[in-house]
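Chain residues, written in single-letter form:
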Amino acid sequence: MARNDASGSDQPLVAIGVGCRAGVAGEAVAALVRRALAEAGAPKGERRMFTLAAKAGEPGLIEAARLLGVALTPLPLEALEAQAERIVTPSAAARARFGAPNIAEAAALAGAGAGGRLLSPRLAAGGATCAVALSSEQR
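Residues numbered from 1 in each chain as written. Predicted model: local features only at pLDDT ≥ 70, side-chain atom pairs only at ≥ 80, totals over all residues. Heavy atoms only, no water.

K.L.:
Can you help me understand helix α2 (residues 59–68) in this one?
P.N.:
In an α-helix there are 3.6 residues to a turn, and that puts residues three or four apart on one side. Where α2 is concerned, the buried positions are G60, L61, A64 and A65. The arc enclosing the buried residues of α2, seen along the axis, measures out at 135°, which places them on a common side. Projecting away from the buried face of α2 at angles above 90 degrees are the exposed residues P59 and R66. Buried residues in α2 make contact with β1 (12–20), α1 (26–40), β2 (47–52) and β3 (71–75). The first or second residue beyond α2 is G69, which carries a positive phi of 70°. (Buried < 20%, exposed > 50% of the residue type's maximum accessible area, 1.4 Å probe, protein only. Helix = DSSP H or I, 4+ residues; strand = E, 2+ residues; numbered from the N terminus. Arc of directions from axis to C-beta. Contact = heavy atoms within 4.5 Å.)

If you want it as structure tokens, here you go:
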């Protein structure tokens, strides 16, 4: 059911999947997120960042969420694994280190929920990755 409130209403959720190496600066992650949103043509409305729970305590991700004014939501590994068939760019490094097919695309898809779709493949820059997905239902 759609709602009409200050968060952007009557629009699908824009799910921002992020990952990064340890020690990456929050501004670097935030800059990549801004670039990914622009390149994907993401609509206005509610936006949330999602990442693997094992990465959610990373200071750069926390700072990026603060800079962007969005919530950072940790997801269990199982939620990312469930997206393995839907991702576009598998990551051998993410698979070896965390057991996830990749972090950014899988987190974006999991955050967008059933029926969500990637707006574009992940971008990587400065030790961070980002992908944007759109939920299929209005929020």
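Alright, that's what it looks like, and here's the rest.
K.L.:
Just checking my understanding: could you explain the pattern of salt bridges for this structure?
P.N.:
Opposite charge on two side chains makes pairing possible when the charged atoms of those side chains draw close. The final tally for this structure, using the stated rule, is 4 salt bridges. As a salt-bridge pair, E27 and R34 come within 3.0 Å of each other at their nearest N and O atoms. Here E39 ties to R35 by a salt bridge, and the two come within 3.0 Å at their closest N and O atoms. Pair noted here: E39 and R35 are both in helix α1, with a separation of 4 residues, about one helical turn. Using a relative accessible area of 38% as the deciding quantity, one classes R35 as partly exposed. (Salt bridge = Lys/Arg side-chain N within 4 Å of Asp/Glu carboxyl O.)

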